[in-house]
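Here is what each chain is made of, one letter per residue.
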Amino acid sequence: MHHHRQQALANTFRQHHQQPLLLPGVWDGASARLFEKSGYLALGTSSAAMAYSQGLPDGQQLTLGTMLASLAPIIKGTGLPVSVDIESGYADLKATVEAVLEAGAVGINLEDSLPGQGLLSAAAQCQRLTLARDTAERFGLALFINARTDTYLLGANNALEETLSRARAYQQAGADMLFVPGMSNPADIKALVAASPLPINLMALPGCSAGDWFSLGVTRVSLGLGPMLAVLGLLDAMAAQTLSLGRWPLMDQHHFGFAEAQALFA
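Summary of the structure given here. (Residues numbered from 1 in each chain as written. Predicted model: local features only at pLDDT ≥ 70, side-chain atom pairs only at ≥ 80, totals over all residues. Heavy atoms only, no water.)

Take the overall build of the protein chain next. Each helix and strand counted, the protein chain has 12 helices and 11 strands in total. A globule of 266 residues ought to have a C-alpha radius of gyration of about 18 Å, and the protein chain, at 19 Å, matches this closely. Counting only C-alpha atoms and orienting by the principal axes, one finds that the protein chain spans roughly 60 × 45 × 35 Å. Counting over 266 residues, the protein chain shows a buried share of 45%. Considering only contacts in the protein chain between residues 6 or more positions apart, those separated by 24 or more positions represent 63%. For the protein chain, the accessible area works out to roughly 12200 Å², and carbon and sulfur atoms hold 56% of it. (Helix = DSSP H or I, 4+ residues; strand = E, 2+ residues; numbered from the N terminus. Rg over C-alpha atoms; globule rule 2.2 N^0.38 Å. Buried < 20%, exposed > 50% of the residue type's maximum accessible area, 1.4 Å probe, protein only. Contact = heavy atoms within 4.5 Å. Areas by Shrake-Rupley, 256 points an atom, 1.4 Å probe, with all protein chains shown as cover.)

Right, dumping it as structure tokens:
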């Protein structure tokens, strides 16, 4: 990608955070094109969805190489800014950040836990955030760094206090936003938004509403793995229904025309 085009996309992505932003979770060229067609302003990748599409479980089972192979058609096929979920940074955080910058990304999500090992110390994560920021500065891009904290996902003690203290530390280390998946309690959200030096990103959960969260002061809501889980649910129902009935009402009901599909990629 031409450097000036990537710079422009990075600026656009930052501007989109001046108002509430709903960010989809995509995993391949088709999912990316569909969300863009609907009018989303930016795309975010879902590492879990990418892992499933490769036949792997979630939790940094992807290698950098397989993640980049999934990322390429997403970035090639869109004019929108793309933020990449790099999980915990894979084997080598610096190499991972360099690779996604080279691929044309303008944002990353970096999480503060390691599969099977729980939360990293805030100090350790701050070093990693600083490394990501330094790497992006050497590349010459104001990368949007979304610091994901797994305090709520992993049920940390005093999750709200721990999240707030990490928000302060991560902001000092160069993060642009704090992502708190698993958080949904309105009182906690209000308290976090009021005291955090970083804008807050939450992840779509069943039964919750982006509008409610935006009205509490949340800046960004990410669909994350939600779209892929809904796709899996539909495929599962369709597979069972078609085999048992010998007909495919679900397939008909959700039919997306062949001509429309071809046009998506024209």
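Burial analysis of strand 5 (residues 107-111) places 5 of its 5 residues in the buried class, which makes it a mostly covered element. In this structure, strand 4 (residues 82-85) lies alongside strand 5, joined through 3 bridges in parallel fashion. Across the sheet, Asp85 pairs through a bridge with Asn109, a residue of strand 5. Handedness of the crossover joining strand 4 and strand 5 through helix 5 (residues 93-103): right-handed. Bridging between strand 5 and strand 8 (residues 144-148) involves 5 bridges; their strand directions are parallel. (Pairing = 2+ DSSP bridges. Right-handed = clockwise from strand over helix to strand, strands pointing away.)

So, on to the environment of His4. Here His4 lies in helix 1 (residues 3-16). Residue His4 is classed as exposed on the basis of its relative accessible area of 61%.

On to the nonpolar core, then. Generally speaking, soluble globular proteins have nonpolar side chains that are buried together. Membership of the largest hydrophobic core comes to 66 residues, with the highest contact counts inside it found for Met67 and Ile86. Ranked by residue count, the leading element in this core is helix 7 (residues 159-172), at 5 residues. Setting aside residues no more than four positions away along its own chain, Ile86 makes contact with Gln60, Met67, Leu93, Thr96, Val97, Val100, Ile108, Asn109 and Leu110. (Core = buried A, V, L, I, M, F, W, Y, C linked by side-chain atoms within 4.5 Å.)

Attention now moves to the packing of aromatic side chains. Using the criterion set out here, one finds 2 aromatic pairs in the structure. Judged by centre distance (5.3 Å) and plane angle (80°), the ring pair of Phe13 and Phe144 falls under edge-to-face. With Phe13 in helix 1 and Phe144 in strand 8, this residue pair connects regions lying 131 residues apart in the sequence. Residues Phe13 and Phe144 agree in their burial class; the two are buried. Both rings, one in Phe35 and one in Tyr40, keep their centres 5.1 Å apart while their planes meet at 85°; by these two values the pair is edge-to-face. (Phe/Tyr/Trp six-rings, centres within 6.5 Å; stacked < 30°, edge-to-face > 60°.)

Another point: the packing of helix 6 (residues 122-139) against helix 7. Where helix 6 meets helix 7, the axes come as close as 9 Å, and the angle between the chain directions of the two elements is 30°. When the axis of helix 6 is compared with that of helix 7, the two are roughly parallel. At the point where helix 6 passes helix 7, the crossing takes the right-handed sense. Within the contact between the two elements, helix 6 uses Ala122, Gln125, Cys126 and Leu129 and helix 7 uses Arg166, Ala169 and Tyr170. Of the residues that constitute the contact of helix 6 with helix 7, the class distribution is 5 nonpolar, 1 polar and 1 charged. (Axes fitted to C-alpha atoms, helices over the stretch in contact; angles between N-to-C directions. Parallel < 35°, antiparallel > 145°, perpendicular 65-115°, else oblique. Left-handed = near helix turned anticlockwise from the far one by under 90°. Nonpolar A, V, L, I, M, F, W, Y, C, P; charged D, E, K, R; others polar.)

The next subject is the pairing of strand 4. When a strand is regular, its side chains alternate between the sheet's two faces. Neither face of strand 4 is left uncovered, since the one carrying Val82 and Val84 and the one carrying Ser83 and Asp85 both have all their residues buried. In this sheet, strand 4 lies alongside strand 3 (residues 43-45) in parallel orientation, the contact comprising 2 bridges. Paired with Gly44 across the strands is Ser83, a residue of strand 4.

All right, on to the pattern of salt bridges then. Overall, the coordinates contain 7 salt bridges when judged by the stated rule. One salt bridge in this structure joins Glu111 and Arg148, with 3.2 Å as the shortest N-O distance. One end of the pair, Glu111, is in strand 5; the other, Arg148, is in strand 8, with 37 residues separating them in the sequence. A single burial state applies to Glu111 and to Arg148, both of which are buried. Of the charged contacts, one joins Asp150 and Arg148 as a salt bridge, the two residues approaching to 2.6 Å between their closest N and O atoms. Asp150 sits in the buried class, given a relative accessible area of 2%. If you follow the salt bridges from partner to partner, you end up with Arg14, Arg133 and Asp176 in one network. (Salt bridge = Lys/Arg side-chain N within 4 Å of Asp/Glu carboxyl O.)

Any functional reading would require information beyond the geometric quantities listed.
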